[in-house]
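# Tertiary structure, described
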Amino acid sequence: MKDLTITATIGVYQLNELNTADQELLQAAIEATNRSYAPYSKFSVGAAALLANGIVITGTNQENAAYPSGLCAERTTLFYANSQYPDQAVVTLAIAARTEADFITVPIPPCGACRQVILETEKRYNCPIRILLYGKECIYEVKGIGDLLPLSFDASAMQ
Ligand SMILES: [Zn+2]
């Protein structure tokens, strides 16, 4: 028996350490939280996707009284981006979240289902997606979904 060790490197930044484009994308995700539909959790999530053609698509979590019928901000955003611009890779995805009181202190990570969809989007366009996770105290930069979803399942496993 031997161990398989998997490591991930996450960049930790202050907002002012990021370049203007990254700050603007995070700001788009922050502003998107205002368009969230979260009457049940009161947890508003916004996402902003920068496409290869420079267009920014935003989305929010959309809840439902039948809870499983709702959808996270990340998947709302990626599905909308892929529907509107099916020939454009997603280059960077920024995510922000707040409660009714304020934005969360630590960076918000995507849930498992969203990680799987981010993976599919990377594979679809053969392009890693940088992920910027906003928190009031710092921002995490993830260089690709492999760092958040190791030992992932994709189409190559079915061959
Ligand atoms: Zn999710």
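Located above this text is the structure these notes cover.
Residues numbered from 1 in each chain as written. Predicted model: local features only at pLDDT ≥ 70, side-chain atom pairs only at ≥ 80, totals over all residues. Heavy atoms only, no water.

### Thoughts on helix 3 (residues 112-125)
Rules: Note on conventions: DSSP H or I runs of at least 4 residues are helices, E runs of at least 2 residues are strands, and numbering of each starts at the N terminus. Multiplying 1.5 Å by the residue count of a helix minus one yields the expected span of that helix. Every residue pair with non-hydrogen atoms within 4.5 Å of one another is taken to be in contact.
With 14 residues, helix 3 extends 20 Å from end C-alpha to end C-alpha; this agrees with the ideal 20 Å at 1.5 Å per step. Lining the buried residues of helix 3 we find helix 2 (73-84), strand 4 (90-98) and strand 5 (130-134). One or two residues past the end of helix 3 sits N126, with phi positive at roughly 50 degrees.

### Quick look at the coordination of the zinc ion
Put simply, the rule is: Listed donor atoms are N, O and S within 2.8 Å of the metal (Na, K and Ca: 3.2 Å). As water is not included, a site may look incomplete. Burial classes: relative accessible area under 20% of the type maximum marks a residue as buried, over 50% as exposed, and values in between as partly exposed (1.4 Å probe, protein chains only).
Surrounding the zinc ion are the protein donor atoms C72 (SG), C111 (SG) and C114 (SG), which sit 2.2 to 2.3 Å from the metal. C72 sits in the partly exposed class, given a relative accessible area of 23%. You can call C114 buried: its relative accessible area is 0%.

### What to know about helix 1 (residues 20-32)
Between the first and last C-alpha of helix 1 there are 18 Å, a value that for 13 residues agrees with the 18 Å anticipated at 1.5 Å per step. Residues of helix 1 that are buried sit in contact with strand 2 (44-51), strand 3 (56-60), strand 4, strand 5 and strand 6 (139-142).

### Points about a nonpolar patch on the surface
Heads up, the condition is: In this scheme, patches are assembled from residues that exceed 30% relative accessible area and form no salt bridge. Like charges are connected within 9 Å, while nonpolar side chains (Val, Leu, Ile, Met, Phe, Trp, Tyr) are connected within 5 Å. Here the Shrake-Rupley method, with its probe set to 1.4 Å, supplies the accessible areas, and only the displayed protein chains count as covering residues. Should a side-chain nitrogen of Lys or Arg be within 4 Å of a carboxyl oxygen of Asp or Glu, the pair is scored as a salt bridge.
Among the surface-exposed residues, L4, I6 and L151 lie close enough to one another that they form a single nonpolar patch of about 360 Å² accessible area. Within the secondary structure layout, I6 lies in the segment before strand 1 (11-13). The exposure class assigned to I6 is partly exposed, which follows from its relative accessible area of 43%.

### A short note on the pairing of strand 2
Quick note on the threshold: DSSP calls a pair of strands paired once it identifies at least 2 bridges connecting them.
Most of strand 2 is tucked away, with seven of its eight residues classed as buried. As judged from the eight bridges shared by strand 2 and strand 4, these two strands associate in the antiparallel manner. Counterpart to L51 in the pairing with strand 4 is V90. Across five bridges, the pairing between strand 2 and strand 3 is antiparallel. By the bridge assignment for strand 3, A47 is matched with G59. Between the end of strand 2 and the start of strand 3, which pair antiparallel, lie four residues, with G54 showing a positive phi angle near 95 degrees.

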